[in-house]
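Spelled out from the first residue to the last, the chains are:
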Amino acid sequence: MSTPNPLETVRTERELTVRAEDLPLHCPLPGEPVNLLHPRVFLDPTAEGEAVCPYCSRRFRFEGPLPKHH
């Protein structure tokens with residue numbers, strides 16, 4: 001059984017772990033409920049190991065090896 005990608009399903013958690021295959025990352029995530037929508041902002045969690053959305057304060061922590069282009 002494979003581990004589901006956390007970005008493939010609707011998430012309402014305040015903190016998510018992301019990996020290289022989840023990049024480029026933006027918030028809100030695709031498929032989120034209307035009450036969680038705000039202007040789309042692209043985030044770079046690779047720079048400091050995490051990124052926080054300036055609109056909803058959701059925290060994205062980067063895990064794993066950096067993408068080859070970084």
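This text gives an overview of the structure that appears in the document. (Residues numbered from 1 in each chain as written. Predicted model: local features only at pLDDT ≥ 70, side-chain atom pairs only at ≥ 80, totals over all residues. Heavy atoms only, no water.)

## Observations concerning the pattern of salt bridges
Counting across every chain of the model gives five salt bridges. In this structure, glutamate 15 and arginine 61 form a salt bridge, with 2.6 Å as the shortest nitrogen-oxygen distance. Here glutamate 15, found in strand β1 (residues 15–18), pairs with arginine 61, found in strand β5 (residues 59–62); they are 46 residues apart in sequence, far enough to count as distant. With a relative accessible area of 42%, glutamate 15 lands in the partly exposed category. On the basis of relative accessibility, which here comes to 33%, the residue arginine 61 falls in the partly exposed class. As a salt-bridge pair, arginine 59 and glutamate 50 come within 2.5 Å of each other at their nearest N and O atoms. Several salt bridges converge on common partners, so that one network encompasses Glu15, Glu50, Arg59 and Arg61. (Salt bridge = Lys/Arg side-chain N within 4 Å of Asp/Glu carboxyl O. Helix = DSSP H or I, 4+ residues; strand = E, 2+ residues; numbered from the N terminus. Buried < 20%, exposed > 50% of the residue type's maximum accessible area, 1.4 Å probe, protein only.)

## Details of the side chain of threonine 46
As for its placement among the helices and strands, threonine 46 is situated in the loop between β3 (41–43) and β4 (50–52). Exposure remark for threonine 46: the relative accessible area of 13% places this residue in the buried category. Reaching out from threonine 46, the side chain makes a polar contact with the side chain of aspartate 44 at a distance of 2.4 Å. (Polar contact = N/O pair within 3.5 Å; in protein donor to acceptor, adjacent residues only side chain to side chain.)

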